[in-house]
Amino acid sequence: MNLLQLSWKNLINKPLNMTLSLVLFALGVGLISLLLVLNKQLQDNFDKNLAGIDLIIGAKGSPLQMILCSMYHIDNPTGNVSIKEIKPFLNPKHPLIEKAVPMSMGDSHKGYRIVGTNHDLLEFYNAKVGEGSAWSKTMEVTIGAVVANELNMKIGDTFKSSHGLVRDDNLVHDDSEDLKVVGVLQPTGSVIDQLILTNTQSIWAVHEGHAHDMENDSLAHNHSDAPKSLLEEDETKEITSVLIKFKGHNYQALNMGRSINENTDMQAATPAIELNRLHSQMDIGTKALNMLAWIIVFVSGLSVFISLFSSLKDRKYELALMRVMGATPEKLFILILLEGLMLAVLGYIIGMAMGHIGMEILAGHMRDTYRYSFSGKEFLTEEFYVLIGALGVGLLAAIIPAFQARNTDISETLSKG
Amino acid sequence: MLKTKDLQYSYDSSNALRFPDINCDKGAHWLLIGQSGCGKTTLLHLLGGLLTPNSGSVTIANTNLNALGSSKLDQFRGKNIGIIFQKSHFVKALTVGENLGLAQQLAGEKIDKARTQALLDRLNLGHKFNSKPSSLSQGEQQRVAIARALINKPAVILADEPTSALDDTNTDEVIKLLEEAAAEVNATLLVVTHDNRLKERFKNQIQL
């Protein structure tokens, strides 16, 4: 049997000690791994959805809330703005604005948000139609890939929307017309995947109780024409917000946000700034958790050290004996070192398993609540560095006991017992 | 086979232990007898290369132990010297068979399970091959310790107080066992003890 096997047998001879060390180690490593993966995926999800949006204009309220709602489709809208207020920014000839995308939120279907907007939104996210076509007439919708998958919807399906953003079967707009699926988008990996897109007029239609029996209506009021541009609609009608992309980042563009905030009843928020703010808040939390994780790893290192150190007391005769049988001091040194390292490696493996399984469970919850996709199946380079760290801790914990074993005085030890 | 010359050792500056010269032939059985505190264990440790003398030399099979470097000494000892200590010690995590296998390995030999089993059988311990030493009785443990001392067919077997805790009958049996075991591999046997009952059994004796 080689030193590795002997180390292993020594470890399992003290099962409780080994279990404690392993559990602590695994806990620490697992927490670190979970935090690393979670952080990365949060960052990814945020970054993927920046989509080159420079400014968002909407109702006054919390700027962060407006961004979370209009860009990330989490959280509730801050309120509505009227066409009258927003008109100047929708003007296609606006000198500073390249793209202005109107957004109407507030309805959902089985927990997935319905957004009234125009086709420019697809360009923001590089979304392409997979099957069917993008919505054109009122009451037509195109759904994202995740919606199609999770709700098993396909082209031709019809449904009634619900009021509000949380799934509640009591709030279905029973008296309004059906929405009809005319297209499914290709997966983009962005928030678009989880949205149901239609035009602004559909949202209005549903809320104006614009229910009419197609058979009975003799007014030939049909939705077969493409809807008007928003600039031509009634000025008192409302939408939720507008997503803006500037032509260039010059002084005037950057000032536009401030002047909207100071001179109008609306608010303008810059995603980059608000998200940075959010990030620094989250950072405090993540840093604290990280510190906790490393403390746990340190304590587990301590546990390994104590375990090895106290086992040496028990094993002093057998170590002296091994020297008598022909083992060199170096062999004893390596033996103890291996015990520490083995605990570290095993603890790391268990910890990684725990961390990633934990992430999968968390991902399920995130999916249910926020509809964003997270996964425990992603592995990061940083986690490899955690292995190096774990080995380092194992080494440190074992080095003093290893030296002690190496320096066993055969005669003195064996004279005593 | 085993020779000592002017062996001296002192634990501290005042007490120097001086030992009489020893000269043992191959295969001879010797008794080194003396009262407690006369340095018997020290002598045994010197003979086994576990201690370095202050002056003098120990020569086994024409090899001066002092002349060997540390790791060479370890290996020489593993191969050529079988030591049976007063109290039996084992590697706790290993079975009896694995303990003996380790003894073979640390001496630079290959693990020979058949030889281990045969040796244990000879000592009536064959059925304990897969038991942990901690589960054996004291007598059984001593026999395993003897097996371990013999496993590598050493040139010299040193036994430290093998009979001090035993009654007359068991004393007889253990000494007989040691003599037979030593004879089998033609090893030089040295028993270090204060037990006067053994005086009758040994032809070669040194009073310490």
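Keep in mind that this is a model prediction, so the values were computed, not measured.

A. Spotlight on the overall build of chain A. Counting its regular elements, chain A contains twelve helices and 13 strands. Compactness check: chain A gives a C-alpha radius of gyration of 31 Å against a globular reference of 22 Å for 417 residues, more than 25% above the reference. With the C-alpha coordinates aligned to their principal axes, the bounding extent of chain A is approximately 110 × 50 × 30 Å. In chain A, which comprises 417 residues, the proportion classed as buried is 42%. Considering only residue pairs separated by 6 or more positions, chain A has 81% of its internal contacts joining residues 24 or more positions apart.

B. Geometry of the overall build of chain B. Helix and strand counts for chain B come out as six helices and ten strands. Its C-alpha atoms give chain B a radius of gyration of 17 Å, near enough to 17 Å, the size a compact globule of 208 residues would have. If one aligns the C-alpha atoms of chain B with their principal axes, the spans along those axes are about 50 × 40 × 30 Å. Per-residue burial for chain B yields a buried fraction of 44% across its 208 residues. Within chain B, contacts between residues separated by at least 24 positions form 70% of all contacts whose residues are at least 6 apart in sequence.

C. Spotlight on the sheet that holds strand 7 (residues 81–84) of chain B. All names here are of chain B. Taking strand neighbours across the sheet as the criterion, the five strands line up as 7-8-9-4-10 in an open arrangement whose pairing is parallel. Bordering the open sheet on either side are strand 7 and strand 10 (204–207), each of which pairs with just one other strand. For this sheet the average axis-to-axis angle between neighbouring strands, irrespective of direction, equals 15 degrees. Where strand 7 and strand 8 (residues 156–160) come together, four bridges link them in parallel fashion. Paired with Gly-82 across the bridge in strand 8 is Ile-157.

D. Seen up close, the pairing of strand 6 (residues 140–143) of chain A. Residue and element names in this part refer to chain A. Side chains Glu-140 and Thr-142 of strand 6 all project onto a buried face; the interleaved residues Val-141 and Ile-143 project onto the opposite face, where all are buried too. With four bridges connecting them, strand 6 and strand 9 (residues 179–185) associate as parallel partners. Paired with Ile-143 across the bridge in strand 9 is Val-184.

E. Just helix 10 (residues 329–370) of chain A, in detail. An ideal rise of 1.5 Å per residue puts 62 Å on 42 residues; helix 10 of chain A measures up with 60 Å between its terminal C-alpha atoms. Of the residues trailing helix 10 of chain A, A:Arg371 is marked for its positive phi of about 70 degrees.

F. Structural context of the confidence of the model for chain A. Looking at chain A as a whole, its pLDDT mean stands at 87, while 95% of the residues score no less than 70. Per-residue pLDDT stays below 50 along residues 210–221 of chain A; that stretch engages in seven contacts with residues further than four places along the chain or on separate chains.

G. Quick look at the packing of helix 2 (residues 15–48) of chain A against helix 10 of chain A. All names here are of chain A. The N-to-C vectors of helix 2 and helix 10 enclose an angle of 45 degrees; their axes lie 6 Å apart at closest approach. Relative to helix 10, helix 2 is oriented oblique. For the crossing formed where helix 2 meets helix 10, the hand is right-handed. For the contact of helix 2 with helix 10, a count of residues per class yields 16 nonpolar, nine polar and no charged.

Calculation notes
Residues numbered from 1 in each chain as written. Chains lettered and ligands numbered in written order. Predicted model: local features only at pLDDT ≥ 70, side-chain atom pairs only at ≥ 80, totals over all residues. Helix = DSSP H or I, 4+ residues; strand = E, 2+ residues; numbered from the N terminus. Rg over C-alpha atoms; globule rule 2.2 N^0.38 Å. Buried ≥ 20, exposed ≤ 12 C-beta atoms within 10 Å, placed from the backbone. Contact = placed C-beta atoms within 7 Å. Pairing = 2+ DSSP bridges. Axes fitted to C-alpha atoms, helices over the stretch in contact; angles between N-to-C directions. Expected span 1.5 Å × (residues − 1). pLDDT = per-residue confidence, 0-100. Parallel < 35°, antiparallel > 145°, perpendicular 65-115°, else oblique. Left-handed = near helix turned anticlockwise from the far one by under 90°. Nonpolar A, V, L, I, M, F, W, Y, C, P; charged D, E, K, R; others polar.

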